[in-house]
Amino acid sequence: MSRTTSPPRRTRAAALAGSALLAATALTVSALSGTATAQADNGRAAAAKVDNPYAGARVYVNPDWSAKAAAEPGGSKVSNQPTGIWLDRIAAINGTSGARGLRAHLDTALSQSGGSPMVVQLVIYDLPGRDCSALASNGELGPNDIDKYKTQFIDPIASILSESKYANSNLRIVTTVEIDSLPNLVTNTGGRPTATPQCDTMKANGNYIKGVGYALNKLGAVPNVYNYVDAGHHGWIGWDDNFNATAQVIKQAATAEGSTVDKVAGIIVNTANYSALKENNFTINDNVNGTTVRQSKWVDWNRYVDELSYAQAFRQELVNVGLPSNIGALIDTSRNGWGGSARPSGPGARTDVDTYVNGGRYDRRIHIGNWCNQSGAGLGERPKAAPAAGIDAYVWMKPPGESDGASSAIPNDEGKGFDQMCDPSYGGNPRNGYNKTGALPNAPLSGHWFSAQFQELLKNAYPAL
């Protein structure tokens, strides 16, 4: 398993044109189109697709992660929680040292289910030129390896999921498709200060669009697969010039390589990131002495202050640009609790807008662009189905305790480079406003077990354990 989100976060402060905050809308209750009619080899028919795969279902607990969590002091308090299975390289399909392969996970999920609906959460994560703005999570495929991605990665996964034993079972397969890819094409290309040559290359060759479209098409053809496309997080896409543009790119990918918008069940936000679920001590509409919260250094003219409001609004924006009205959203709450002694108990002082926001915000990062092994982070809301309007589930897609990236260069055969955003001493870059990284020291490669981080997450969990 591997890694976390990349760092292409928006940092420049510009007074953007005002527009009304998009209202959160309730998820339509109508079922997704299409039913499965094939008979399983055990005699059961595949169930018709449901509007929310998490509703009325249990969620698969990965025994590989569970054993690592349970071996930690206090880890048994959360080792029974469901987490995502990261298919982050071709070898992961058949299994690697210490991690079972896809078929083994599906077989275990069938045994866990006891015949009841069971969600299995897969992270599909091996695009050509993967994570063009973050070295810690670079992948094994080069920018032009689109054919290899299709035939050696997506096709084998789709083939396994299509086997009657799994496709016509009580399993509901949730696929989180290629985190950090499509938002990079908006925020980290062209003349922006945050642009990288690698992201310019991926925009020019179109292989992110082609790869995501191909994955949606092939995986979405399996009757019990639910595709959720990654949509970044509010501290990345929440600005006016990123918001609609990212929705348009997602629609473009959803209609590429034979895919259609009907093969998108929803979006996922905050995947493997740290943005707070709900900031209760201030809102985007607050002002201090005539200065709006949007003008604070932390918010920096963003239109959102937390993930719940962003997820609901961005889901509606996708509907506005042509995706089905009943798409849902997932929010990764695995590491966004921000509890412990540093959690504010109320709003900050109204001395000025920065004092007000900084004194009250739960998210204690130095800068919202910081993404690697964050000091002070805690476990967030436990996985839960249908917790809010438009939200299919809170999920722990990033398994707590798995590193975001190494804090110093470590030779490896996994295609993972050293990203300075994982170095506690690094002074930052345009994507985090040239701030310190806030990363924990002595971190291993992305996806590898990081005991010190796991202990910090337990200590700072909110709700508390």
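Labelled according to an unreviewed UniProt entry, the protein appears under the name Glucanase, originating from Streptomyces sparsogenes DSM 40356. In the Sequence similarities (unreviewed entry) part of its UniProt record, the protein is described as follows: "Belongs to the glycosyl hydrolase family 6."

### Side note on the state of the cysteines
On inspection of all chains with the given rule, the structure shows two disulfides. Here Cys-132 is linked by a disulfide to Cys-199, with a sulfur-sulfur distance of 2.0 Å. The chirality of the disulfide connecting Cys-132 with Cys-199 is right-handed, given an S-S dihedral of about 90 degrees. With a gap of 67 residues between them, Cys-132 in the loop between strand S5 (118–124) and helix H4 (146–162) and Cys-199 in helix H7 (residues 197–205) connect regions that are remote in the sequence. Across this residue pair, the class does not change: Cys-132 and Cys-199 are buried.

### Focus: the environment of Cys-372
Looking at the secondary structure, you find Cys-372 in the loop between helix H12 (353–360) and strand S12 (384–388). Since its relative accessible area comes to 0%, Cys-372 is described here as buried. The spatial distance from the C-alpha of Cys-372 to the C-alpha of Asn-273 is 8.3 Å, given a sequence separation of 99 residues. What Cys-372 contacts, discounting residues up to four positions off in sequence, is Tyr-274, Asp-404, Gly-405, Met-421, Cys-422 and Ala-439.

### Examining the packing of helix H10 (residues 240–254) against helix H11 (residues 307–320)
At a minimum axis distance of 9 Å, the contact between H10 and H11 shows a crossing angle of 55 degrees. Between H10 and H11, the crossing angle belongs to the class labelled oblique. Like other packed secondary-structure pairs, H10 and H11 cross with a definite hand, here right-handed. Residues Phe-243, Asn-244, Thr-246, Ala-247 and Ile-250 of H10 form the contact with H11, whose participating residues are Tyr-310, Ala-313, Phe-314, Glu-317 and Leu-318.

### Concerning the packing of aromatic side chains
Two measures describe an aromatic ring pair: the distance that separates the ring centres and the angle between the ring planes. This model, assessed by the stated rule, comprises nine aromatic pairs. Judged by centre distance (5.2 Å) and plane angle (40 degrees), the rings of Trp-449 and Phe-454 are tilted. On the basis of relative accessible area, Trp-449 is assigned to the partly exposed category, the value being 22%. Pairwise contacts between aromatic rings join Phe-243, Tyr-304, Tyr-310 and Phe-314 into one cluster. Between the NZ or CZ atom of Arg-130 and the centre of the ring of Tyr-125, over which it lies, the distance is 4.0 Å.

### Re the environment of Gly-75
For Gly-75, the position within the fold is in the loop between helix H1 (63–70) and strand S2 (85–87). Taking the C-alpha atoms as reference points, Gly-75 and Leu-458, 383 residues apart in sequence, are found 7.7 Å from one another. Here Gly-75 is in contact with Ala-69, Ala-70, Phe-454 and Leu-458, once residues within four sequence places are set aside.

### A closer look at empty space enclosed by the protein
In the structure shown here, the tally under the stated rule is two cavities of 30 Å³ or more. Size it by volume and the second largest cavity reaches roughly 40 Å³. Lining of the second largest cavity is provided by His-234, Trp-298, Val-299, Asn-302, Tyr-304, Val-305 and Ile-368.

### Remarks on the side chain of Asn-302
Within the element layout of this structure, Asn-302 appears in the loop between strand S10 (291–292) and H11. In this structure the side chain of Asn-302 is engaged in a polar contact, spanning 2.7 Å, whose partner is the backbone oxygen of His-234.

### Things to note about the UniProt feature "active site" (unreviewed entry) in the protein
Summarizing the sequence annotation, UniProt attributes the feature "active site" (unreviewed entry) to Asp-131, Asp-180 and Asp-404 in the numbering used throughout. Annotated residues spanning 274 residues; largest pairwise C-alpha distance 13.3 Å, indicating a single compact cluster. Tracing the backbone through its elements, the reader meets Asp-180 in the loop between strand S6 (171–177) and helix H6 (182–187). Here Asp-404 lies in the loop between strand S13 (391–395) and helix H13 (451–459). Its relative accessible area of 0% is what places Asp-404 among the buried residues. Polar contacts involving the side chain of Asp-404 include one to the side chain of Tyr-274, which spans 2.5 Å.

### Describing the packing of H4 against helix H8 (residues 207–220)
Where H4 meets H8, the axes come as close as 10 Å, and the angle between the chain directions of the two elements is 20 degrees. One element, H4, and the other, H8, form an angle in the roughly parallel class. In terms of crossing hand, the pair formed by H4 and H8 is right-handed. On H8, the residues that touch Ile-146, Tyr-149, Lys-150, Ile-154, Asp-155, Ile-157, Ala-158 and Leu-161 of H4 are Asn-207, Lys-210, Gly-211, Tyr-214, Ala-215, Lys-218 and Leu-219. By residue class, the composition of the contact of H4 with H8 is nine nonpolar, two polar and four charged.

Procedures and definitions
- Residues numbered from 1 in each chain as written.
- Predicted model: local features only at pLDDT ≥ 70, side-chain atom pairs only at ≥ 80, totals over all residues.
- Heavy atoms only, no water.
- UniProt positions renumbered as here; feature names shortened; annotations may be inferred.
- Disulfide = S-S within 2.5 Å.
- Helix = DSSP H or I, 4+ residues; strand = E, 2+ residues; numbered from the N terminus.
- Buried < 20%, exposed > 50% of the residue type's maximum accessible area, 1.4 Å probe, protein only.
- Contact = heavy atoms within 4.5 Å.
- Axes fitted to C-alpha atoms, helices over the stretch in contact; angles between N-to-C directions.
- Parallel < 35°, antiparallel > 145°, perpendicular 65-115°, else oblique.
- Left-handed = near helix turned anticlockwise from the far one by under 90°.
- Phe/Tyr/Trp six-rings, centres within 6.5 Å; stacked < 30°, edge-to-face > 60°.
- Lys NZ or Arg CZ within 6 Å of the ring centre and 35° of its normal.
- 1 Å grid on protein atoms, 1.4 Å probe; cavity = no way out; pocket = protein on both sides within 12 Å on 5 of 7 lines; lining within 4 Å.
- Points joined across faces, edges and corners; volume = space filled by probe spheres on them.
- Polar contact = N/O pair within 3.5 Å; in protein donor to acceptor, adjacent residues only side chain to side chain.
- Nonpolar A, V, L, I, M, F, W, Y, C, P; charged D, E, K, R; others polar.

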